[in-house]
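So the chains spell out like this:
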Amino acid sequence: RRSHEEQLQEVRAECDARFDVWSRAFAEGMDGQLRSRAADAASLALAMARKIIRDTVEIDPGFVVRTLETTLFKVKDTHRLTVTVHPEDASFLERDPELRSRLRIDQVIPDRRVEKGGCLVHAGVRRWDATISSQLETLSSLVDDGLATGAYRGTGTGDVDADGLE
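Being a predicted model, the structure only gives us computed values, none of them experimental. (Residues numbered from 1 in each chain as written. Predicted model: local features only at pLDDT ≥ 70, side-chain atom pairs only at ≥ 80, totals over all residues. Heavy atoms only, no water.)

**Some remarks on the sheet that holds strand 3 (residues 119–123)**
(1) Moving on: Reading across from one edge, 2-1-3-4 is the order of the four strands in this open sheet, with mixed pairing throughout. Looking at which strands have only one partner, the edges of the open sheet turn out to be strand 2 (105–110) and strand 4 (126–130). Sheet twist, expressed as the mean angle between neighbouring strand axes with direction ignored, is 20°.
(2) Moving on: As paired strands, strand 1 (residues 81–85) and strand 3 are joined by five bridges and run antiparallel to one another. Within the sheet, the bridge partner assigned to Val85 lies in strand 3 and is Cys119. (Pairing = 2+ DSSP bridges. Helix = DSSP H or I, 4+ residues; strand = E, 2+ residues; numbered from the N terminus. Axes fitted to C-alpha atoms, helices over the stretch in contact; angles between N-to-C directions.)

Now the structure itself:
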C-alpha cells in the first residue's frame, strides 16, 4: 500500500501537469488576442497616418520638397535628377529655379498618377519611388513584419528606416 505522502506527491504532480496545460492554453489564447489587438491598433494608426499626410499635403505645398530632400539624402549619386510629381507640385517646383538647382533637379515631369506630395526620382539608370502610396505601403509592411515577428511585445530590434529607400 502507498503511503499518504506518496499519494500527496502523485496528486501534486497531476495538478502541476494540469496547471501547465491550462497555463499554456491561456498564454496561447492571450497571445492571439494580443496579436489581434496589435493588428487592429496598427491598422488604425496607418489609417490615421494616411489621413494626416493627405491633409498636410493639401495645405503645405512644400511637403514635396521635404519628400525630395529625404530621398536625396539617401541618394549618393552625382547625376542630375529627373523628378516625376503631381502637376500642382510640378508647378511649385518650376516656380523656384534655386530650389531645383539646390536639389540637383534637371527636369520636372508632371503626372497626375503621382499623388500630391510624393515623387519618383530618376538619376541615370537608378530610380527611387517616394510616392505617398509607396511610403505608406512600406510602413504597413514594416508594421506587419513587426507583428509577425513578435515586435509588438517589445522584442523588435530598434530603429527602422521606414521610407523604403535603400
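Moving on, there is more to tell.
**Quick look at helix 3 (residues 87–94)**
(1) Moving on: Buried within helix 3 we find Pro87, Asp89, Ala90 and Leu93. Projected onto a plane normal to the axis of helix 3, the buried residues spread over an arc of 155° and lie on a single side.
(2) Moving on: Structurally, helix 3 contributes buried residues whose contacts are with helix 2 (63–74), strand 1, helix 4 (97–102) and strand 2. (Buried < 20%, exposed > 50% of the residue type's maximum accessible area, 1.4 Å probe, protein only. Arc of directions from axis to C-beta. Contact = heavy atoms within 4.5 Å.)

**Looking at the pattern of salt bridges**
Working definition: two side chains of opposite charge can pair if their charged atoms are close together.
(1) Moving on: Within this structure, the stated rule accounts for ten salt bridges.
(2) Moving on: With a shortest N-O distance of 2.7 Å, Lys116 and Glu88 are connected by a salt bridge. In this pair, Lys116 sits in the loop between strand 2 and strand 3 while Glu88 sits in helix 3, placing the two residues 28 residues apart along the sequence.
(3) Moving on: A salt bridge links Arg100 to Glu94; the shortest N-O distance between them is 3.9 Å.
(4) Moving on: Note on Arg100: relative accessible area 17%, which makes it buried.
(5) Moving on: Look at the salt bridges and you will find they share partners, linking Glu58, Glu88 and Lys116 into a network. (Salt bridge = Lys/Arg side-chain N within 4 Å of Asp/Glu carboxyl O.)

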